[in-house]
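The chain contents come next:
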Amino acid sequence: MKKGKSTYQFPINVDPNLAHQTIMNWLGANSFELKEKDGNHYYQYYDPVVGRRLFEFYIQTGMVTIHAYIGKYKKPYLLDDSFAGAMPKSAYKQILDPLFRTLASYNTPGGAAPAQPGPNMTQNDPYNIQPTASQVSGGTPQPQVGKYEDFSAASNKSNEKYAVIGFIMSIVGLLFSFVGYTFGILLYLLEFYFAACGIRTKKKGFAIATFVLAGLSVVILVISVFMQVLLS
């Protein structure tokens, strides 16, 4: 994984307090906590399986700048497309998407301009979308604050998807183990990761079942390896 912080910049043409409240609602909906290190403040979400998601934001006149990364504050890693850490980065980018779309709608009354690439933001990654705003009688989009409930629902939907995928993988892995085939350890870790993502959602039952089935598959794998060692 490449070290650094992925940087995203969004031009805004609204009251900065609107952008600030939107970001705070998103942070709360995704269980980020305020942290302090060497006098600097940032936000962090941490789960033993999912890992750390870190977030910084700065609002200046006409511009919102966001730094998003995984790892640690003093050892950050970009949210790039490299294979290493692909799942944690992909999952983080999915929950960032609703926030970025809302911020992109705050540029002009007539439409949203794409986010401006920051130092670590690739040119093929900006948000070139239409504003998600209500329409007044004259047809002019009016920006609205991004709601906690909407961000929370989007995050839960993404995590529910992971819970179902993990459950399906765990069933397939267990069936394979009964006929002598086993997943690699990386795929088993992926099952646990998906289960951890879904444990706080309505798909909690799928997540718990995934933990159980994946654990059973790992036990079978260990026994299989142990028997091969004894017979060799």
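Before reading on, note that the structure itself is shown above.
Predicted model only: the values in this text are computed from it and were never measured.

**Student:** I'd love a proper account of the overall build of the protein chain, names of residues and values included.
**Tutor:** Each helix and strand in the protein chain was counted, giving 5 helices and 9 strands. When the helices and strands of the protein chain are placed in sequence order, the string is β-α-β-β-β-β-β-α-β-β-β-α-α-α. Scored against the burial criterion, the 232 residues of the protein chain give a buried share of 42%. Put simply, 64% of the contacts in the protein chain that link residues at least 6 apart link residues at least 24 apart. Surface summary for the protein chain: the accessible area is close to 12,500 Å², and the carbon and sulfur share equals 59%.

**Student:** I'd like a description of the packing of helix 1 (residues 16–29) against helix 3 (residues 148–178), backed by residues and values.
**Tutor:** In the contact formed by helix 1 and helix 3, the axes pass within 8 Å of each other and the chain directions differ by 40 degrees. In terms of their interaxial angle, helix 1 and helix 3 are classed as oblique. Of the two elements, helix 1 crosses helix 3, and the hand of that crossing is right-handed. Every residue of helix 3 that contacts helix 1 at T22, N25, W26, G28 and A29 is listed here: Y148, F151 and S152. Looking at the contact of helix 1 with helix 3 residue by residue, the classes come out as 4 nonpolar, 4 polar and no charged.

**Student:** Describe helix 4 (residues 185–198), naming the residues involved and giving the relevant values.
**Tutor:** In a regular helix each residue adds 1.5 Å, so 14 residues correspond to 20 Å; helix 4 covers 20 Å between its end C-alpha atoms and thus fits that length. Within helix 4, burial applies to Y188, E191, Y193, F194, A195, A196, C197 and G198. The inward-facing, buried residues of helix 4 contact strand 3 (40–47), strand 4 (51–60), helix 2 (86–104), helix 3 and helix 5 (204–231).

**Student:** Go over the pattern of salt bridges with me, naming the residues and quoting the values.
**Tutor:** Taken as a whole and assessed by the stated rule, the structure comprises 7 salt bridges. For R200, the salt bridge identified is with D47, shortest N-O distance 3.7 Å. Of the two residues, R200 sits in the loop between helix 4 and helix 5 while D47 sits in strand 3, which places them 153 residues apart along the sequence. Across the pair D80 and K89 runs a salt bridge, and its minimum N-O distance is 2.6 Å. The burial state of D80 is the same as that of K89; both residues are buried.

**Student:** Give me the lowdown on the side chain of T65, citing residues and values where you can.
**Tutor:** Here T65 is to be found in strand 5 (residues 63–72). Overall, T65 belongs to the buried group, its relative accessible area being 10%. Within the local environment of T65, its side chain forms a polar contact with the side chain of Q9, the two groups lying 3.4 Å apart. Setting aside residues up to four positions removed in sequence, T65 forms contacts with T7, Y8, Q9, E56, F57 and Y58.

**Student:** So, the side chain of N30: which residues are in play, and what are the values?
**Tutor:** Here N30 shows up in the loop between helix 1 and strand 2 (33–37). Using a relative accessible area of 6% as the deciding quantity, one classes N30 as buried. If we ignore the near neighbours within four places in the chain, the residues touching N30 are Y45, I95 and S155.

**Student:** Which residues make up the packing of helix 3 against helix 4, and what values go with them?
**Tutor:** Axis separation between helix 3 and helix 4 bottoms out at 7 Å; the angle between their running directions is 145 degrees. Where helix 3 crosses over helix 4, the two elements pack in a sense that is left-handed. Two secondary-structure elements touch here, helix 3 through N159, Y162, A163, I165, G166, M169 and S170 and helix 4 through L187, L190, E191, F194, C197 and G198. Split into classes, the residues belonging to the contact of helix 3 with helix 4 amount to 8 nonpolar, 4 polar and 1 charged.

**Student:** Before we move on, can you summarise the packing of aromatic side chains with the specific residues and values?
**Tutor:** Tallying each qualifying case throughout the model produces 14 aromatic pairs. Ring centres of F167 and F206 lie 5.1 Å apart, and the angle between their planes is 75 degrees; on these two criteria the pair is classed as edge-to-face. Pair noted here: F167 is in helix 3 and F206 is in helix 5, with a separation of 39 residues, a long-range link. Take F206: its relative accessible area is 31%, and that puts it in the partly exposed class. Ring pairs connect the aromatic residues W26, F32, Y43, Y45, F55, F57 and Y92, which therefore count as one cluster. Against the face of Y46 rests R52, its NZ or CZ located 4.6 Å from the ring centre.

Calculation rules
- For every chain, the first residue of the written sequence is number 1, and numbering continues from 1 along that sequence.
- The predicted origin of the model limits local features to residues at a pLDDT of at least 70 and limits the giving and counting of side-chain atom pairs to 80 or more, whereas totals for whole chains, interfaces and linings rest on all residues.
- Calculated side-chain values reflect all of the structure's heavy atoms, with hydrogen atoms and water omitted.
- Each helix corresponds to a stretch of at least 4 residues labelled H or I by DSSP, and each strand to a stretch of at least 2 residues labelled E; elements are numbered beginning at the N terminus.
- Residue burial is assigned from relative accessible area. The probe radius is 1.4 Å, only protein chains are included, and a residue is buried under 20% of its type maximum, exposed over 50%, and partly exposed in between.
- What makes two residues a contact is simply this: any of their non-hydrogen atoms within 4.5 Å.
- Only the protein chains shown count as cover for residues, with accessible areas throughout obtained via the Shrake-Rupley method and a probe of 1.4 Å.
- The axes are straight lines fitted to the C-alpha atoms, using for helices just the contacting stretch, and the angles between their N-to-C directions are given from 0 to 180°.
- Any angle that falls under 35 degrees is termed roughly parallel, while one over 145 is termed roughly antiparallel, one within 65 to 115 roughly perpendicular, and all others oblique.
- A clockwise turn of the near helix away from the far one marks a right-handed crossing, whereas an anticlockwise turn of less than a right angle marks a left-handed crossing.
- Note on residue categories: nonpolar means Ala, Val, Leu, Ile, Met, Phe, Trp, Tyr, Cys or Pro, charged means Asp, Glu, Lys or Arg, and polar means any other residue, Gly included.
- Under the convention used throughout, the expected extent of a helix is 1.5 Å for every residue step, that is, one less than its residue count.
- Basic side-chain nitrogens of Lys or Arg form a salt bridge, by our definition, when they fall within 4 Å of a carboxyl oxygen of Asp or Glu.
- Pairing of N or O atoms within 3.5 Å defines a polar contact, subject to two protein rules: one partner must be a possible hydrogen donor and the other a possible acceptor, and residues neighboring in sequence count only if both atoms are side-chain atoms.
- Aromatic rings from Phe, Tyr and Trp, with only the six-membered ring used for Trp, were paired whenever their centres fell within 6.5 Å, and each pair was classed as stacked if the ring planes differed by under 30 degrees, edge-to-face if by over 60, and tilted otherwise.
- By definition, being over a ring means that NZ of Lys or CZ of Arg is both within 6 Å of the ring centre and within 35 degrees of the ring normal.

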